[in-house]
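Here's the letter readout for the chains.
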Amino acid sequence: MTHLTYLELESLRHLIGECEVKARKLEAYAGQAESPELRSFCRQHADSANRSRQTLQSFLRERGGVQ
Amino acid sequence: MKLNDKDIAGDILSMCKHGIADVTKAALECSNPRLRQTLRQMRDQEEQAHEQITQMAVANRWYLPSEPADHRVIGRVENYFTQGAVPYAGPPGVTGYRETGPAVHPGGWAGGYQEPRAQGYHEARPIGHQEPGGPGYHHPTGPGYREPPPPRP
């Protein structure tokens, strides 16, 4: 089982929240932007932010820490 | 309110910059090797995204990049760090000024002005500063202003 410190847990909490907001904003921007290049960038990086969020959440699912 | 492409690009640039700083900090504070590796990969991806959106923003004039610095200003900064002093000629026609004033700040302030009568006295003066008595001169007597120390014997 992976060990997680309180500091790491706080970082995960902060970064997961950030990824979530970022993905939502980029999805919204992908629908609003006029430039096709910018729309494509937003879609691509919204997916990337969602993947990052899932990766970070997997560290929480492992429930590392003191039992 | 509908955001235009410039607003969107500006917000993405800001998000990327903050994201890179946050992930870098988290990676530095991390003791779990697998999490640290994940965070470093995220930082690399974020840096690539930042580079991509920066290029797009500059090309489309959604972002005004900083202009190249004047080579004379760069030289003055280099002198400051290599010699510990920056040549300063003083006001035209006035002799006796010590050549120790720092470079003129791009914001328009020249600090470290040395009065020949009071050694060690420093007062910041804006570019285009006029001597007392000249048109438009206002003596700095606002809040926080302190009289300069008396000349040393």
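Residues numbered from 1 in each chain as written. Chains lettered and ligands numbered in written order. Predicted model: local features only at pLDDT ≥ 70, side-chain atom pairs only at ≥ 80, totals over all residues. Heavy atoms only, no water.

1. As for the interface of chain A and chain B
A common way to report how large an interface is uses the accessible area buried once the components associate. The condition is simple: Throughout, a residue-residue contact means that at least one pair of heavy atoms, one from each residue, lies within 4.5 Å. Each of two parts loses accessible area, computed with a 1.4 Å probe, when they are put together; buried area is these two losses added. Salt bridge, as applied in this entry: a Lys or Arg side-chain nitrogen positioned within 4 Å of an Asp or Glu carboxyl oxygen. Residues adjacent in sequence count toward polar contacts only when both atoms are side-chain atoms; beyond that, a polar contact is any pair of N or O atoms within 3.5 Å, and within protein one must be able to donate a hydrogen and the other to accept it. A run of H or I in DSSP becomes a helix once it reaches four residues, and a run of E becomes a strand once it reaches two; helices and strands are each numbered from the N terminus. Side-chain classes follow a simple rule in which Ala, Val, Leu, Ile, Met, Phe, Trp, Tyr, Cys and Pro form the nonpolar group, Asp, Glu, Lys and Arg form the charged group, and the remainder, Gly included, forms the polar group.
If you look at the interface, chain A gives 32 residues, while chain B gives 28 residues. Between chain A and chain B the total buried area reaches about 2,500 Å² when both faces are included, carbon and sulfur atoms providing 61% of it. Of all residues in chain A, the largest losses of buried area upon contact with chain B belong to A:Tyr29, A:Leu38 and A:Phe41, amounting jointly to 23% of the total for that side. Linking chain A with chain B are three salt bridges. For the salt bridge of B:Arg34 with A:Glu62, the shortest nitrogen-to-oxygen distance reads 2.7 Å. Here chain A and chain B share 13 residue pairs in polar contact (both at pLDDT 80 or more) between them. The element that contributes the greatest number of residues to the side of chain A that touches chain B is helix α1 (residues 6–32) of chain A, accounting for 13 residues. Its residues placed into classes, the side of chain A that touches chain B shows 13 nonpolar, 12 polar and seven charged.

2. Some remarks on helix α2 (residues 36–61) of chain A
Stated formally: Every helix has an expected span of 1.5 Å times one less than the residues it contains. Three labels apply to residues, based on accessible area from a 1.4 Å probe with only protein chains included: buried if under 20% of the type maximum, exposed if over 50%, partly exposed otherwise in between.
Between its first and last C-alpha atoms α2(A) spans 38 Å; for 26 residues at 1.5 Å apiece the expected length is 38 Å, and the two agree. Among the residues making up α2(A), those that are buried are A:Leu38, A:Phe41, A:Cys42, A:His45, A:Ala46, A:Ser48, A:Ala49, A:Asn50, A:Ser52, A:Arg53, A:Leu56 and A:Phe59.

3. Examining the confidence of the model for chain B
Residue and element names in this part refer to chain B. We apply this condition: Note: pLDDT gives the predictor's confidence per residue, expressed from 0 to 100.
On average, residues of chain B score 75 in pLDDT, and 54% of them are at 70 or above. The model gives residues 97–126 a pLDDT under 50, and that stretch makes 61 contacts with residues more than four places away or in other chains. Predicted confidence is poor over residues 128–140, with pLDDT under 50, and the contacts of this stretch with residues over four places away or in other chains come to 11 contacts.

4. A look at the packing of aromatic side chains
The geometry of an aromatic ring pair is captured by the separation of the ring centres together with the interplanar angle, meaning the angle of the planes. Just so we agree on the cut-off: Only centres within 6.5 Å qualify two rings of Phe, Tyr or Trp (six-membered ring in Trp) as a pair; their planes then separate them into stacked at under 30 degrees, edge-to-face at over 60, and tilted for everything else.
Inspection of every chain in the model, using the stated rule, returns one aromatic pair over all chains. Ring plane angle 85° and centroid distance 5.0 Å describe the contact between B:Tyr80 and B:Phe81, whose orientation is recorded as edge-to-face.

5. Here we look at the layout of surface pockets
How we decide: Definitions used throughout: a 1 Å grid over protein atoms alone; a cavity as a set of points that fits a 1.4 Å probe which cannot get out; a pocket as an open set with protein on both sides within 12 Å along at least five of seven lines; a lining residue as one with an atom within 4 Å of a point. Grid points are joined across faces, edges and corners, and a volume is the space filled by probe spheres set on the points.
Each pocket or cavity is described by its volume, and for the largest pocket that value is around 550 Å³. Within the residue set of the lining of the largest pocket, elements represented by two or more residues are α1 and α2 of chain A together with α1 (5–28) and α2 (33–59) of chain B. Residues of the lining of the largest pocket, tallied by class, amount to eight nonpolar, 13 polar and six charged.

6. Side note on a nonpolar patch on the surface
To be explicit about the condition: Note on patches: the residues involved have over 30% relative accessible area and no salt bridge, like charges join within 9 Å, and the nonpolar side chains Val, Leu, Ile, Met, Phe, Trp and Tyr join within 5 Å. Surface accessibility in these figures is a Shrake-Rupley result with a 1.4 Å probe; residues are shielded only by whichever protein chains are displayed.
Taken together, the side chains of A:Tyr6, A:Leu9 and A:Leu60 define a hydrophobic patch exposed on the protein surface, amounting to about 330 Å² of accessible area. In this structure, A:Tyr6 sits in helix α1.

7. Section: the packing of α1(A) against α2(B)
Rule in force here: For helices, the axis comes from a line fit to the C-alpha atoms of the stretch in contact; other axes are also lines fit to C-alpha atoms, and the angle between any two N-to-C directions lies between 0 and 180 degrees. Oblique is the label for every angle not falling under 35 degrees (roughly parallel), over 145 degrees (roughly antiparallel), or within 65 to 115 degrees (roughly perpendicular). Left-handed describes a crossing whose near helix is turned anticlockwise from the far helix by less than a right angle; the clockwise case is right-handed.
Interaxial distance between α1(A) and α2(B) falls to 13 Å at its minimum, and their mutual angle equals 30°. On the basis of their axis angle, the class for α1(A) and α2(B) is roughly parallel. Between α1(A) and α2(B) the crossing geometry is left-handed. From α1(A), A:Glu8, A:Leu12, A:Leu15, A:Cys19 and A:Lys22 reach across to α2(B), where they touch B:Leu35, B:Leu39, B:Met42 and B:Glu46. Residues of the contact of α1(A) with α2(B), tallied by class, amount to six nonpolar, no polar and three charged.

8. Topic: the pattern of salt bridges
Side chains that differ in sign of charge can pair as their charged atoms come close. Under the criterion given, the structure shown has eight salt bridges over all chains. A salt bridge links A:Glu10 to A:Arg13, with the nearest nitrogen and oxygen atoms 2.9 Å apart. Of the two residues, A:Glu10 and A:Arg13 are both situated in helix α1; the distance of three residues between them amounts to about one turn of the helix. For A:Arg13, a relative accessible area of 58% translates into the label exposed. Put simply, B:Arg72 and B:Asp70 hold a salt bridge, and the shortest N to O gap is 2.9 Å. Taking relative accessible area as the criterion, B:Arg72 reaches 54% and is therefore assigned exposed.

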